[in-house]
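# Per-entry structural report
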Amino acid sequence: MAEQDVTDGDQRESGDQVSTGIPMTVRVAGGLVSLEGLAGLVTAIVLIVRALTGHDQSAASGVGTAIWFGVLFGGVLAAGIGLLRGKRWGRAIAVIANVLLLPVAWSLLTDSHQPLWGSLLGVVAVAGLAALFAPATSRFMAQDYGEIPADDERP
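Residues numbered from 1 in each chain as written. Predicted model: local features only at pLDDT ≥ 70, side-chain atom pairs only at ≥ 80, totals over all residues. Heavy atoms only, no water.

### Looking at the packing of helix 3 (residues 90–109) against helix 4 (residues 115–132)
In helix packing, the relevant descriptors are the interaxial angle and the interaxial distance, both defined with respect to the helix axes. The following threshold applies: Angles shown run from 0 to 180 degrees and are taken between the N-to-C directions of axes, each axis being a line fitted to C-alpha atoms and, for helices, limited to the stretch in contact. Strands here are runs of E lasting at least two residues and helices are runs of H or I lasting at least four, both read from the DSSP assignment and numbered beginning at the N terminus. Should an angle fall under 35 degrees it is called roughly parallel, over 145 degrees roughly antiparallel, and 65 to 115 degrees roughly perpendicular, with every other angle called oblique. The sense of a crossing depends on the near helix, which, turned anticlockwise from the far helix by less than a right angle, makes the crossing left-handed and, turned clockwise, makes it right-handed. Residues are treated as being in contact if the distance between any of their heavy atoms lies within 4.5 Å.
The geometry of helix 3 relative to helix 4 is characterised by a closest axis approach of 8 Å and an angle of 155° between their N-to-C directions. When the axis of helix 3 is compared with that of helix 4, the two are roughly antiparallel. Considering how the two elements wind past one another, helix 3 and helix 4 form a crossing that is left-handed. On helix 4, the residues that touch Arg91, Ala94, Val95, Asn98, Val99, Leu101, Leu102, Val104, Ala105, Leu108 and Leu109 of helix 3 are Pro115, Trp117, Gly118, Ser119, Leu121, Gly122, Val124, Ala125, Val126, Gly128, Leu129 and Leu132.

Right, here's the structure in full:
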């Protein structure tokens, strides 16, 4: 495993990096997913404030939507923090969240006429998916499932 793929770990006597650390791609994915979760929680707070100040059609609708956002994006934030800490369970939640954000980005780009927000969301979602499916991430996720052959030993 290349040294740039691992953020912390031990070195063998031969100088090779031992893959005991969390790959940078997992940390990048964790950071992006954490930001997505935080953005969703901020949106939930804004929805509650708007509902309580009478800006929505009904307070119940605004609060209900805020609770929905809080639960969903609280889970996304937990997945991001889990990835930052090297927990493998966060990847599944992160992949689902990023795949579901792609049509939202497309909608912002087309129907909603919000190209700035749509582009930004699309870049973040695609970057998150790229980090989640990077070879270093896949090796890290498969680490506890048995012996992984080296690149030169694969058929």
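### Looking at the nonpolar core
Here is the rule: Only buried Ala, Val, Leu, Ile, Met, Phe, Trp, Tyr and Cys residues count toward a nonpolar core, and they belong to the same one when joined by side-chain atoms within 4.5 Å. Only protein chains enter the calculation, and the probe is 1.4 Å; a residue is then buried if its accessible area is under 20% of its type maximum, exposed if over 50%, and partly exposed in between. Note that domain bounds follow an automatic or database assignment of domains.
With 15 residues, the main nonpolar core has Val26, Leu83 and Leu132 as its most contacted residues. Only helix 1 (24–52), helix 2 (59–84), helix 3, helix 4 and helix 5 (135–142) provide two or more residues apiece to this core. Taken together, domain 1 (25–52 + 60–86) and domain 2 (89–134) each give at least three residues to this core, which thus spans both.

### Description of the UniProt feature "transmembrane region" (unreviewed entry) in the protein
Let me state the cut-off plainly: UniProt positions are given in the numbering used here, feature names are shortened, and annotations may be inferred rather than shown by experiment.
The positions UniProt marks with the feature "transmembrane region" (unreviewed entry) are residues 32–53, 65–84, 91–109 and 115–134. Annotated as 100% helix and 0% strand, the span residues 91–109 places its first and last C-alpha atoms 27 Å apart. Split by type, residues 115–134 is 90% helix and 0% strand. Its first and last C-alpha atoms lie 28 Å apart.

### Considering the packing of aromatic side chains
For clarity, the threshold we go by: Two aromatic rings, drawn from Phe, Tyr or Trp (for Trp, its six-membered ring), form a pair once their centres lie within 6.5 Å of each other, and the interplanar angle then sorts them: stacked below 30 degrees, edge-to-face above 60, tilted otherwise. Remark: a charge is flagged as sitting over a ring if the NZ atom of Lys or the CZ atom of Arg is within 6 Å of the ring centre and within 35 degrees of the ring normal.
Applying the stated criterion across every chain, the model contains one aromatic pair. Here Arg88 stacks its cationic end above the ring of Phe140, 4.3 Å away from the centre of that ring.

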